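Geometric and topological summary
Residues per chain, in single letters:
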Amino acid sequence: MIDEPHLPMRPLWGCDTCRAEWPCQTARARLLTEYRDNRVALRVYLGALMAEAETHLSQIHKEANLYHRFMSWA
């Protein structure tokens, strides 16, 4: 079985593999593993992606809970 990467589809910010909102559960688990020794770097990375997602999603519709979606679980 091929291990799919679960990356974000821009500009809609869905997972390119499972089609859930990104970061999906698989992406979250992988990010936590990848950044297990540096949670500050994970939060900086997610903050940058959240800002990009906010720019994209605000052009489509109003996204109310990006902080919860991108940051609170980390």
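So, here's what we can say about the structure. Per chain, residues are indexed from 1 in the order of the written sequence. Owing to the predicted nature of the model, reporting of local features is limited to residues with pLDDT of at least 70; listing and counting of side-chain atom pairs is limited to 80 or more, with chain, interface and lining totals taken over all residues. Heavy atoms from the whole structure form the basis of all side-chain values; hydrogens and water molecules are not counted.

What follows covers the overall build of the chain. What the chain contains, in helices and strands, is three helices and two strands. Counting from the N terminus, the helices are DSSP H or I runs at least four residues long and the strands are E runs at least two residues long. In the chain, the succession of helices and strands from N to C terminus is β-β-α-α-α. As a reference, a globule follows 2.2 Å times the number of residues to the power 0.38, and the radius of gyration itself is taken over C-alpha atoms. Here the chain has a C-alpha radius of gyration of 12 Å; the compact-globule value for 74 residues is 11 Å, and the two agree. Partly exposed residues are those whose accessible area sits between 20% and 50% of the maximum for their type, while under 20% is buried and over 50% is exposed, using a 1.4 Å probe and protein chains only. Counting the 74 residues in the chain, one finds 31% classified as buried. Considering only intrachain contacts with a sequence separation of at least 6, the fraction spanning at least 24 residues in the chain is 47%. We call two residues in contact whenever any of their non-hydrogen atoms come within 4.5 Å of each other.

A few words now on the packing of aromatic side chains. In summary, the pairing rule links any two rings of Phe, Tyr or Trp, Trp by its six-membered ring, whose centres are within 6.5 Å, and it sorts them by plane angle into stacked for under 30 degrees, edge-to-face for over 60 and tilted for everything else. A complete count under the given rule lists four aromatic pairs for this structure. Plain terms: the ring middles of W13 and W22 are 6.1 Å apart, the flat faces sit at 55 degrees to each other, and that makes the pair tilted. In this pair, the class of W13 matches that of W22, namely buried. A centroid spacing of 5.8 Å and a plane angle of 70 degrees characterise the contact between W13 and F70, whose relative ring orientation is edge-to-face. Note that W13 is positioned in the loop between strand 1 (8–9) and strand 2 (14–15) and F70 in helix 3 (residues 66–72), a separation of 57 residues in sequence. Overall, the relative accessible area of 0% leaves F70 in the buried class. A connected cluster of aromatic rings, assembled from ring pairs, spans W13, W22 and F70.

Now for helix 1 (residues 25–34). Within helix 1 the residues assigned to the buried category are A27, R28 and L31. The buried residues of helix 1 occupy one face: seen down the axis, they fall within an arc of 100 degrees. If you follow the buried residues of helix 1, they end up packed against helix 2 (39–60) and helix 3. The arc in question is traced by the directions running from the helix axis to the C-beta atoms.

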